[in-house]
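One letter stands for each residue in the lines below.
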Amino acid sequence: MSNINIKNLLACDMSRRGLVKSTAITSLALAAGGIALPFSRRAIASGVLAATAPHRQDQTIWSACTVNCGSRCPLRMHVVDGEITYVETDNTGDDQYDGLHQVRACLRGRSMRQRVYNPDRLKYPMKRVGARGEGKFERITWEEAYNTLAASMKDIIGKYGNEAIYLNYGTGTLGGTMTRSWPPGSTLIARLMNCCGGYLNHYGDYSTAQITEGLNYTYGGWADGNSPSDIENSKLVVLFGNNPGETRMSGGGVTYYLEEARKKSNARMIIIDPRYTDTGAGREDEWIPLRPGTDAALVAALAHVMISENSVDQPFLDKYCVGYDEKTLPAGAPANGHYKAYILGSGPDGIAKTPQWAAKITGIPADKIVKLGREIGQAKPAFIAQGWGPQRHANGELTSRAISMLSILTGNVGISGGNSGAREGSYSLPFVRMPTLENPVQTSISMFLWTDAIFRATEMTAKRDGVRGKDKLDVPIKFIWNYASNCLINQHSEINKTHDILQDDKKCEMIVVIDNHMTSTAKYADILLPDCTASEQMDFCLDASCGNMDYVIFADQVIKPRFECKTIYEMTTELAKRMGVEAQFTEGRTHEQWMRHIYQQSREAIPELPEFDEFRKQGIFKKRDPEGHHVAYKAFREDPVANPLTTPSGKIEIYSAQLAEIAANWELEKDDVIDPLPIYAAGFESHVDPLIEQFPLQLSGFHYKSRTHSTYGNVELLKAACRQEMWINPIDAKPRGIGNGDVIRIFNQRGEVRINAKVTPRMMPGVVALSEGAWHAPDTKMVDHAGCINVLTTQRPSPLAKGNPSHTNLVQVAKV
Ligand SMILES: Nc1nc2c(c(=O)[nH]1)N[C@H]1C(S)=C(S)[C@@H](COP(=O)(O)OP(=O)(O)OC[C@H]3O[C@@H](n4cnc5c(=O)[nH]c(N)nc54)[C@H](O)[C@@H]3O)O[C@H]1N2
Ligand SMILES: Nc1nc2c(c(=O)[nH]1)N[C@H]1C(S)=C(S)[C@@H](COP(=O)(O)OP(=O)(O)OC[C@H]3O[C@@H](n4cnc5c(=O)[nH]c(N)nc54)[C@H](O)[C@@H]3O)O[C@H]1N2
Ligand code: SF4
Ligand SMILES: [Mo]
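Residues numbered from 1 in each chain as written. Chains lettered and ligands numbered in written order. Predicted model: local features only at pLDDT ≥ 70, side-chain atom pairs only at ≥ 80, totals over all residues. Heavy atoms only, no water.

Visitor: Looking at this structure, how should I read the overall build of the chain?
Guide: Of the regular secondary structure elements, the chain holds 25 helices and 28 strands. By the compact-globule yardstick of 28 Å for 816 residues, the chain fits well, its C-alpha radius of gyration being 26 Å. Taken along its principal axes, the extent of the C-alpha atoms in the chain is 80 × 60 × 55 Å. Considering the chain as a whole, with its 816 residues, one finds that 65% of them fall into the buried category. For the chain, the exposed surface amounts to about 27,700 Å²; the carbon and sulfur share of it is 52%. Seen as two clouds, the 90 positive and the 92 negative side-chain charges of the chain have centres 3 Å apart. (Helix = DSSP H or I, 4+ residues; strand = E, 2+ residues; numbered from the N terminus. Rg over C-alpha atoms; globule rule 2.2 N^0.38 Å. Buried < 20%, exposed > 50% of the residue type's maximum accessible area, 1.4 Å probe, protein only. Areas by Shrake-Rupley, 256 points an atom, 1.4 Å probe, with all protein chains shown as cover. Lys, Arg positive; Asp, Glu negative; His and termini not counted. Charge placed at Lys NZ, Arg CZ, Asp CG, Glu CD.)

Structure follows, in structure tokens:
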């Protein structure tokens, strides 16, 4: 079995499984149906219609929800006279958990009709006429839009070079193949730009910037995880800031596996999160709230318990790891620079990481830490995993490495029922993607620092700002492609600062936004292009975080493009014509011909795939992992010499010499810590920052069930079902005179948000939470009235990854 690391080929959220397995043939029992509806609403609906209207054509067409929620779902769209009348989901297969179960869409996907027919739909190409962000536009023709863009591209490339052109992060349709919007290098925009000399690239993502960098030094590359289906072999499940009940909601997603697998193993489940999540909601055995940003302190104390009580897996640490104790500390590391010394207090800081020490930092009582340390030390195998909430912090790189230490200390890596301490992994079908050619430009910036690259680009260096491929940036960003992204405003940190940066159109000269809706980002466009939704074009949809049954969806064209909307392939083809690169760009293929082409290649990799037209009727192709469950680092565990990791030593690096070198050479700001060991360091804007005097509450974000980030944020039904509120404990609400439902002000030095309070014991005292993605609604004083958290977040990056510390914020809260 060959292991191919595919992290760099795959998308932001869902494809992170680290490994593609070679396919073995298993018999497939796909129910031929999918379009056959037994007693469905279709029969009822057409019965009703038949009584009132002459014959109308009622069709069911497969489509999909392609947003970035980490899941993927098929949608069966009911169409009458060219209009979607209602939406259903997967009805194929035997629907057995161990078989080919149904991939049922969540309420967001099922409300797709309300996104397609939303009053916010962009109808025509437009150009800006007011100031940026004012939202004043004038309708133009597609001809004018294409010609303006081609002229601007030529002008900017001529004046500044290709590094002045930037593809902004955007995941609105990353589940698609033709329409795929992320990573930037895998989009049709990239293909176009690669035909025209290239563009400034970005690395990292808003989802996992810190863990990607952090665990790269521990495991080498993207840290893989066991499939959640493997929990059927676990005795204990420990989840750090991992909330599949809200972030993996599909019937093909992690939440379903977690529940079904736990039914089989009866594994205890402990949830460590400042917020009592829906993943818990009565299903957990224990919820342990802790202060945001302090997981590494908790882990250090758990390690103290396990080391003191001799429950660490010493043979595993000796054979597979570097730097646990003196024996495996690399040459060149300082004396007592190893992990055990750090924990027991004989390292440079001289502090023993006792439960009492951690209790003060985390807010978890010391006796609870002792009990948890014993439980984790004794229950084998244990599935220890982290979501990406703990790492989306100022000290997230250290936190991600620290949490993985629990799996490492207990020897749970590479075994069935265990896990690496990273997020769960899954099986992955080797379906072929649209080829997007090579970017001739090597320079890249962290996806989070694009605003800096507009106003202080030439000051940005490799050692201070993480510029890659060059020692420093030579030119600022002058042209931004913003495709299926709300990251210009809504999803990027510190909105008021971004607003100021974008106001000056001498700095960034051209912003082109391609979206379906008039989002807050769209308001900052110079040229605004109306895209087709997934319902208006044909595509394949894939890359779900899907346990041990992967699938591909044939998302057919359901209705004609609305208004003057066009597909991304048509837009980029027209631009390629005007840039003189059409032949290279299209290779003579239409949209459908490209799909048939990549499907043909995919069938070579996955021989069980049916013919194109059969697949089109069938809608979804599912296949179970021939290995049973995906076990991360299995080959390494079996034979670490034959199958080394890609770290410099080939082993798990608890002490990283590479990080020691970076720590010695990079220029860091106050409170920024990079360390060779997975230590606890509070980071900036923590609960011990002097700023706490002025802003005494820690504000953490979370990903919300009513939206996928901001997408679906304009569906009224979903807004009413799951209201936007700020969670606050009664202990913090009472002295502020705040009652449940009251309108409150949440503010800090960066801005102010007004929204209703949810007063609830589900929130840890001292911490408040606001879900990310609400549509920014500023008044004339830039006070937001929708609950958009990015008014309050900072653009200061984390030290190593230069990533977004979205969940690290200090605020004050008051009743309006
Ligand atoms: N404070 C805070 N900020 C965060 C986060 C956080 O936790 N806290 N999370 C971060 C994370 S993890 C991520 S991944 C980012 C996500 O940020 P984005 O990638 O910007 O995700 P969305 O907000 O869903 O925006 C996607 C855009 O795509 C559009 N779209 C949807 N479908 C289509 C389509 O078919 N075609 C086109 N052209 N457009 C389409 C939508 O209308 C929307 O405007 O946000 C980040 N921002
Ligand atoms: N419904 C829905 N699903 C989604 C998305 C969405 O917007 N909506 N977005 C998708 C995307 S792109 C991504 S990247 C993923 C995001 O997945 P995650 O990053 O895992 O989601 P979050 O909600 O940001 O964080 C998970 C939990 O971490 C907790 N947390 C915050 N800080 C800390 C901390 O310091 N320590 C601990 N222990 N816990 C902490 C939060 O309270 C939250 O409950 O979700 C995906 N799924
Ligand atoms: S939002 Fe996610 S879980 Fe919901 S239907 Fe879409 S892909 Fe499925
Ligand atoms: Mo994400």
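Back to the write-up after that little detour.
Visitor: Teacher, can you tell me more about the sheet that holds strand β20 (residues 549–555) here?
Guide: In a beta sheet, neighbouring strands pair by backbone hydrogen bonds and run either parallel or antiparallel. An order of β19-β20-β21 is seen for the 3 strands of this open sheet, with the pairing classed as antiparallel. The open sheet terminates on both sides in strands that have one partner only, identified here as β19 (539–541) and β21 (620–624). The average angle at which neighbouring strand axes cross in this sheet is 15°, direction not considered. Where β19 lies against β20, 3 bridges are found, and the strand directions are antiparallel. Residue Cys541 lies in a different strand from β20, and its bridge partner there is Ile553. (Pairing = 2+ DSSP bridges. Axes fitted to C-alpha atoms, helices over the stretch in contact; angles between N-to-C directions.)

Visitor: Looking at this model, I keep getting lost on the state of the cysteines. Mind explaining?
Guide: Disulfides are covalent bonds that connect the sulfur atoms of two cysteines. Evaluation of the coordinates by the stated rule reveals 0 disulfides. Considering cysteine sulfurs only, Cys65 is the nearest to Cys541, which forms no disulfide, with 7.6 Å between them. (Disulfide = S-S within 2.5 Å.)

Visitor: Looking at this model, I keep getting lost on the nonpolar core. Mind explaining?
Guide: Soluble globular proteins: nonpolar side chains tend toward being buried together. Judged by nonpolar contacts, the single largest core of 64 residues is most densely connected at Tyr339 and Ile408. Sort the elements by how many residues they give to this core and helix α9 (residues 295–308) lands first, with 10 residues. With 57 residues, the next largest nonpolar core counts Tyr427, Val475, Met538 and Ile598 among its residues. (Core = buried A, V, L, I, M, F, W, Y, C linked by side-chain atoms within 4.5 Å.)

Visitor: What is the right way to look at the pattern of salt bridges in this model?
Guide: Side chains carrying opposite charge are able to pair once their charged atoms draw close together. Per the counting criterion, the structure on display carries 59 salt bridges. For Asp543, the salt bridge goes to Arg180, with nearest N and O atoms at 3.9 Å. Remark: Arg180 occurs in the loop between β8 (165–167) and α5 (188–195) and Asp543 occurs in the loop between β19 and β20; sequence separation between them is 363 residues. Assigned by exposure class, Asp543 and Arg180 land together as buried. Residues Glu260 and Lys263 are paired through a salt bridge, measuring 2.9 Å at the closest nitrogen-oxygen approach. Of this pair, Glu260 and Lys263 are both found in helix α8 (residues 254–265), 3 residues apart, which corresponds to roughly one turn of the helix. Using a relative accessible area of 60% as the deciding quantity, one classes Lys263 as exposed. Residues joined by salt bridges that share partners form a network here, namely Arg268, Glu286, Lys368, Lys371 and Glu375. (Salt bridge = Lys/Arg side-chain N within 4 Å of Asp/Glu carboxyl O.)

Visitor: Teacher, can you tell me more about the site of ligand 1 here?
Guide: Around ligand 1, the structure places 33 residues, and the nearest of them are Thr171, Asp515, Ser710, Thr711 and Asn790. Within the contact set of ligand 1, a nitrogen atom lies 3.0 Å away from a backbone nitrogen or oxygen of Ile514. At 2.7 Å, a side-chain N or O of Asn790 approaches a nitrogen atom of ligand 1. Relative to its free-state accessible area of 910 Å², ligand 1 is covered by the protein chains to the extent of 98%. Residue composition of the shell around ligand 1, grouped by class: 8 nonpolar, 20 polar and 5 charged. Shared between two domains, the shell around ligand 1 takes at least three residues from each, and those domains are domain 1 (126–206 + 434–535 + 563–610) and domain 3 (690–815). (Near = heavy atom within 4 Å. Polar contact = N/O pair within 3.5 Å; in protein donor to acceptor, adjacent residues only side chain to side chain. Nonpolar A, V, L, I, M, F, W, Y, C, P; charged D, E, K, R; others polar. Domains from an automatic or database assignment.)

Visitor: Before we go on, may I ask you to explain the sheet that holds strand β7 (residues 137–139) in this structure?
Guide: Reading across from one edge, β7-β6-β18-β17-β16-β8 is the order of the 6 strands in this open sheet, with mixed pairing throughout. Looking at which strands have only one partner, the edges of the open sheet turn out to be β7 and β8. Shown here is a sheet whose adjacent strand axes are inclined to one another by a mean of 20°, direction ignored. Across the face of the sheet, helix α4 (residues 142–160) comes into contact with β6 (126–128), β8, β16 (479–483), β17 (510–515) and β18 (527–530) while running at roughly 130° to β18. (Contact = heavy atoms within 4.5 Å.)

Visitor: Please explain the domain arrangement of the chain as it appears in this structure.
Guide: Accessible area lost upon the coming together of the parts is a frequently used measure of interface size. Assigned domains of the chain: these are domain 1 (126–206 + 434–535 + 563–610), domain 2 (210–426 + 648–654) and domain 3 (690–815). Its C-alpha centre places domain 1 at a distance of 30 Å from the equivalent point of domain 3. At the junction of the two partners, domain 1 supplies 30 residues and domain 3 supplies 25 residues. Applying the counting criterion to the domain 1 and domain 3 interface returns 0 salt bridges. Taken together, domain 1 and domain 3 are joined by 19 residue pairs in polar contact (both at pLDDT 80 or more). With 6 residues, the single largest contributor to the side of domain 1 that touches domain 3 is helix α17 (residues 495–503).

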